[in-house]
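# Chain and residue survey
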Amino acid sequence: MQIQTFKIFCDLADSSSFSRAAELNGITQSAVSQQVRAMEQKFDVKLIERGRKNFSLTPEGRAFLDAGRLVLTTLDELGTKIQKMQNIIAGELRISTIFSIGLHELPPYLNRYRKMYPNVDVRVEYRRSTEVYMAVLDGRTDVGLVAYPSARRGLKAVTFWKDRLKLICSPQHAFASRKKIRLADLQGEKFIAFEPDLPTRREIDRKLKAEGVKVRLALEFDNIETVKRAVEIENAVSIVPETTVEAEVAAGGLIALEIDHPDMWRPLGALTRNSARVSPALREFIAELVDGEPFTASGGEKPTPREAKAKRVRKKA
């Protein structure tokens, strides 16, 4: 039995008119009569007293009317509840991120988000880049944050930031007195690298190869913190995102040099599943990443934000 059947019968009972019930539901008067007969046959009862001048319901008809009104009221309340759920920013938000983003780029965004939506339980897990992709694909996380994001089968990717890549060295290194450096100057230099399967490493290798530069690979690590420590200890050089070394540069432990090259930017992106339902909490987190104000005074390049109208609407909500 369809929900529409209950509505037709309620409209018929309220209006005491087959023609009015037909008009309210966009069907013919004959269709209303057929619906009533079908219900009477299904329950083997008489719902309407026939043969009288005035319209009236049988006791069974009144019971059916009460049940129909309850069904329709419950359906309306469910629709209202679902609509409210769509607008309430609450629940759980699972984030998987690579270490460099989670430790350096993410915190300012996350701090703002938590202040705006205190009812969201945000959980952050740190993974390697390949693991972030898999966690998003198999539903273990709601959103993944990676460098050099790529939209793969079943995934959507949106870039929310571009971080400048800089050369770092210790204050004792021969490059320390320079303001700027070319990739060609790295020929034969002792180099601390990320591990080969990391996107940032692959991109740095590609740029060095394009310039015909060969470095002396000293050590490889899977996270930025170890790379920075190795540069200090080994008196070597490396190429890393600028935001990841701001504290060390300010403290005088490392020197960061601008690289004279037109494309020394590392895009950062958010991954979500194509088939996944976008919860209000996830929707607003993505919006905060894309529309949020830049979090550093130097080095970052903000991609084109969403339309200003969407941002204004979100702030008013």
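These figures come from a predicted structure and were not determined experimentally. Here the residue numbers are simple positions, counted from 1 along each chain's written sequence. Owing to the predicted nature of the model, reporting of local features is limited to residues with pLDDT of at least 70; listing and counting of side-chain atom pairs is limited to 80 or more, with chain, interface and lining totals taken over all residues. The side-chain figures draw on all heavy atoms in the structure; neither hydrogens nor water molecules are used.

With that settled, the discussion passes to the overall build of the protein chain. Across its full length, the protein chain carries 11 helices and 11 strands. Accessible area is worked out with a 1.4 Å probe on protein chains only. A residue is then buried under 20% of its type maximum, exposed over 50%, and partly exposed in between. Counting across all 317 residues of the protein chain, residues that qualify as buried make up 43%. For the protein chain, the proportion of contacts with a sequence separation of at least 24, taken over those separated by at least 6, is 73%. On the protein chain, roughly 17100 Å² of surface is accessible, and the fraction owed to carbon and sulfur atoms is 51%. Comment: elements are numbered from the N terminus, with helices defined as DSSP H or I runs of at least four residues and strands as E runs of at least two. For this analysis, residues touch if any pair of their heavy atoms sits within 4.5 Å. All accessible areas in this document rest on Shrake-Rupley with a 1.4 Å probe, and a residue is counted as covered only by the protein chains that are shown.

Reading fine detail from the predicted coordinates is not recommended where pLDDT is low. pLDDT runs from 0 to 100 and stands for how confident the predictor is about each residue. In this model, the protein chain carries an average pLDDT of 86, and 88% of its residues clear a pLDDT of 70 or more. Counting interchain partners and residues more than four positions distant, the pLDDT-below-50 stretch residues 294–317 has 46 contacts.

Take the packing of helix H5 (residues 99–116) against helix H8 (residues 224–234) next. Each pair of packed helices can be summarised by the angle the axes make with each other and by the distance between the axes. Where H5 meets H8, the closest approach of the two axes is 8 Å, and the angle between their N-to-C directions is 85°. Judged on the interaxial angle alone, H8 and H5 are roughly perpendicular. Contact residues: H5 offers Ser100, Leu103 and His104, while H8 offers Ile224, Glu225 and Lys228. Each residue is assigned to one class: nonpolar for Ala, Val, Leu, Ile, Met, Phe, Trp, Tyr, Cys and Pro, charged for Asp, Glu, Lys and Arg, and polar for all the others, Gly among them. Per-class residue counts for the contact of H5 with H8 are 2 nonpolar, 2 polar and 2 charged. Angular values range over 0 to 180 degrees, each being the angle between N-to-C directions of two axes fitted as lines to C-alpha atoms, with helices fitted over their stretch in contact. Note on terminology: angles under 35 degrees are roughly parallel, angles over 145 are roughly antiparallel, angles of 65 to 115 are roughly perpendicular, and the others are oblique.

A few words now on the packing of aromatic side chains. Only rings of Phe, Tyr and Trp enter the pairing, Trp through its six-membered ring, and a pair is recorded when the two centres are within 6.5 Å. The plane angle decides the type: under 30 degrees is stacked, over 60 is edge-to-face, the rest tilted. Here the structure, examined in full by the defined rule, presents 7 aromatic pairs. A ring pair is formed by Phe9 and Phe64, whose centres lie 5.0 Å apart and whose planes are at 80°; its orientation type is edge-to-face. Placement of the pair is Phe9 in helix H1 (residues 3–15) and Phe64 in helix H4 (residues 59–87), with a sequence separation of 55 residues. In this structure Phe9 comes out as buried when scored by relative accessible area, which is 1%. Taken together, a centroid distance of 5.8 Å and an interplanar angle of 90° make the contact between Tyr109 and Phe160 edge-to-face. You can see Tyr109 sitting in helix H5 and its partner Phe160 sitting in strand S4 (residues 155–169), a full 51 residues away along the chain. Classification of Phe160 by relative accessible area gives buried; the value is 2%. Every member of this aromatic cluster is reached through a ring pair, and the members are Phe6, Phe9, Phe43 and Phe64. Taking the ring centre of Tyr133 as reference, the NZ or CZ of Arg152 above it sits at 3.6 Å. Either the NZ atom of lysine or the CZ atom of arginine qualifies as a charge over a ring when it sits within 6 Å of the ring centre and within 35 degrees of the ring normal.

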